[in-house]
Amino acid sequence: QQQQQQQRSVVMSHQSGITGGQDLDDVFSRSRDSEEVRIIKVTIENEELTPADVLDTASDWSSDYEAMVPGLLEEKTACYLLIRLDSKNASGFDWVLVSYAPDFAHVREKMLYASTRATLKTLFGLIYIKDELFGTVPEDVNLEGYEKHKVAEAAPPPLTMEEVEKAEIRQLETGSNIGTSTRHQVATGVHFPVANDAQDQLEACRDGKLTYVQLSLDTEAEVINLERAETIDADEISALVPTDHARFHVYNFKHSHEGDHLESFVFVYSCPGYACGVKERMLYSTCKSTLLDYLKHLGFEFAKKIEIGEPSEITQDELYEHLHPPKQVFKQKFARPAPPGKGSRRPSRPRRQARE
């Protein structure tokens, strides 16, 4: 235990230099795995982390959180709160660390608590802390604030300005007015989700477990469904392409080029012209860009994106030419000799020396 305290002191020296006393170690030791303790309040007193209060469990974690946390917060004093959840991990109970630094607290105090937080986490044990919450007003760290924090953590990452602009441009393009009867259909077609079984097969294709996945749009349920998923050769795809409905195809084209064995993902959008209805063609067209973004997020990098109108347009040779178009060799035209007196002068033979 003395060795652990020495190691902790080394860690703390890189933070604020504040250490925890024996009282804090005792509280942590008996509280980490105890169902009887719900909240531990820790403050900094006389340059030392000190257990200011320990509250016992009264009900489930959310009820205790809502009832107990507001009463532990002071208007002008910072503090830490360690709140035990009812869930467990491999090491014991899950805990939430709340760092509360009110706006009215002294600047030095707020800086001190900020620079000591890592030390407190090390003392308590990083493996026990499931989540962290920061706040400057009680509304930030009460139960409602913690619920909002969890929602924000689960949300997708924010977009950059460039990504926002691209999304706006794409929305404007897909939402253009083609007709009063199709305007709303086009806008809803952009957001078709992918069915779970379709995503599973796409991931299998990405991981090399199969080579071909065919997707369709359910225009009524507004979802992208799985039509088929298997391992086939390129020349077998044409027999699977419908002639009366549009489809999306993802294919891992395995081939050789200039002596190298290559695996190239190809995205194919097949639409048999006027054989399918206007609504279906519109929805497939507007959903394509969104589906490609989804596939990119899933880990696909397409070497080629192709649109076809007939099944015969997708064969081994057609795919190969799309990926490796033949190189055009430009032959140099015959150079006509220059007229006499024009052009470069021919080198003259050196004159023979006259015999003596």
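Coordinates for the structure precede this section.
Presented here is a report on the structure given in the accompanying data block. What you see as residue numbers is a count from 1 along each chain, following the sequence as written. Only residues with pLDDT of at least 70 are given local features in this predicted model, and only at 80 or more are side-chain atom pairs given and counted; all residues enter the totals for whole chains, interfaces and linings. Neither water nor hydrogens contribute to the side-chain values; these are computed over all heavy atoms in the structure.

1. Examining the overall build of the protein
Alright, step 1. A count of helical and extended segments in the protein gives 11 helices and 11 strands.
Alright, step 2. Using a 1.4 Å probe on the protein chains alone, a residue whose accessible area is under 20% of its type maximum counts as buried, one over 50% counts as exposed, and one in between counts as partly exposed. Put simply, the protein has 356 residues, and 38% of those count as buried.
Alright, step 3. Long-range contacts, defined here as pairs at least 24 residues apart, represent 61% of the contacts in the protein between residues at least 6 apart.
Alright, step 4. Each accessible area is a Shrake-Rupley estimate made with a 1.4 Å probe; only the visible protein chains count as cover when residues are assessed. For the protein, the accessible surface area stands at approximately 22500 Å², while carbon and sulfur atoms represent 49% of it. Elements are defined by DSSP. Helices are runs of H or I of four residues or more, strands are runs of E of two residues or more, and each kind is numbered from the N terminus. Residues count as neighbours in contact if any of their non-hydrogen atoms are within 4.5 Å of one another.

2. A word on the packing of aromatic side chains
Alright, step 1. Pairing of aromatic rings covers Phe, Tyr and Trp, the last through its six-membered ring, and needs centres within 6.5 Å; plane angles under 30 degrees mean stacked, over 60 mean edge-to-face, and all others mean tilted. Inspection of every chain in the model, using the stated rule, returns 16 aromatic pairs.
Alright, step 2. With centroids separated by 5.1 Å and ring planes inclined at 70 degrees, the aromatic side chains of Trp-95 and Phe-124 adopt a geometry described as edge-to-face. Within this pair, whereas Trp-95 is found in strand 5 (residues 93-100), its partner Phe-124 is found in helix 4 (residues 107-124), the two being separated by 29 residues in sequence.
Alright, step 3. Looking at Phe-124, the relative accessible area reads 1%, which means it is buried.
Alright, step 4. The positively charged end of Arg-32 is found above the aromatic ring belonging to Phe-124, 5.5 Å away from the centroid.
Alright, step 5. Cation placement over rings: the criterion is NZ of Lys or CZ of Arg within 6 Å of the ring centroid and within 35° of the ring normal. The ring of Phe-93 has Arg-84 lying over it, and the distance from NZ or CZ to the ring centre is 4.6 Å.

3. Quick notes on the pattern of salt bridges
Alright, step 1. Think of a salt bridge as a Lys or Arg side-chain nitrogen and an Asp or Glu carboxyl oxygen that are within 4 Å of each other. Across all of its chains, the model carries 13 salt bridges by this definition.
Alright, step 2. Arg-38 is the partner of Asp-64 in a salt bridge, and the nearest nitrogen-oxygen pair spans 2.9 Å. In this pair, Asp-64 is assigned in helix 3 (residues 61-72) and Arg-38 in strand 2 (residues 37-44), connecting sequence segments 26 residues apart.
Alright, step 3. Ionic pairing is found between Glu-74 and Lys-41, a salt bridge with its closest N-O pair at 3.6 Å. Taken together, the residues span a long stretch of sequence, with Glu-74 in the loop between helix 3 and strand 4 (79-88) and Lys-41 in strand 2 at a distance of 33 residues.

4. Considering the environment of Lys-41
Alright, step 1. The exposure class of Lys-41 is buried, given its relative accessible area of 9%.
Alright, step 2. Apart from the residues within four sequence positions on either side, Lys-41 is in contact with Thr-50, Pro-51, Ala-52, Asp-53, Leu-72, Glu-74, Cys-79, Tyr-80 and Leu-81.
Alright, step 3. Think of a polar contact as two N or O atoms within 3.5 Å of one another; within protein, one of them needs to be a possible hydrogen donor and the other a possible acceptor, and neighboring residues in sequence only count if both atoms come from side chains. A distance of 2.8 Å separates a polar side-chain atom of Lys-41 from the backbone oxygen of Leu-72.

5. Here we look at the packing of helix 2 (residues 22-31) against helix 4
Alright, step 1. In this description, a line fitted to the C-alpha atoms serves as the axis of each element, helices being fitted only across the stretch in contact, and the angle between N-to-C directions of two axes falls anywhere from 0 to 180 degrees. Put simply, helix 2 and helix 4 touch, their axes get as near as 10 Å, and they point 50 degrees apart. As far as their axial angle goes, helix 4 and helix 2 are oblique. Residue-level contacts link Leu-24, Asp-25 and Phe-28 of helix 2 to Leu-120, Leu-123 and Phe-124 of helix 4.
Alright, step 2. Note that Gly is not counted as nonpolar here; it falls among the polar residues with everything else outside the nonpolar set of Ala, Val, Leu, Ile, Met, Phe, Trp, Tyr, Cys and Pro and the charged set of Asp, Glu, Lys and Arg. Tallied by class, residues from the contact of helix 2 with helix 4 come to five nonpolar, no polar and one charged. Comment on the angle field: the value is read as roughly parallel under 35 degrees, roughly antiparallel over 145, roughly perpendicular from 65 to 115, and oblique elsewhere.

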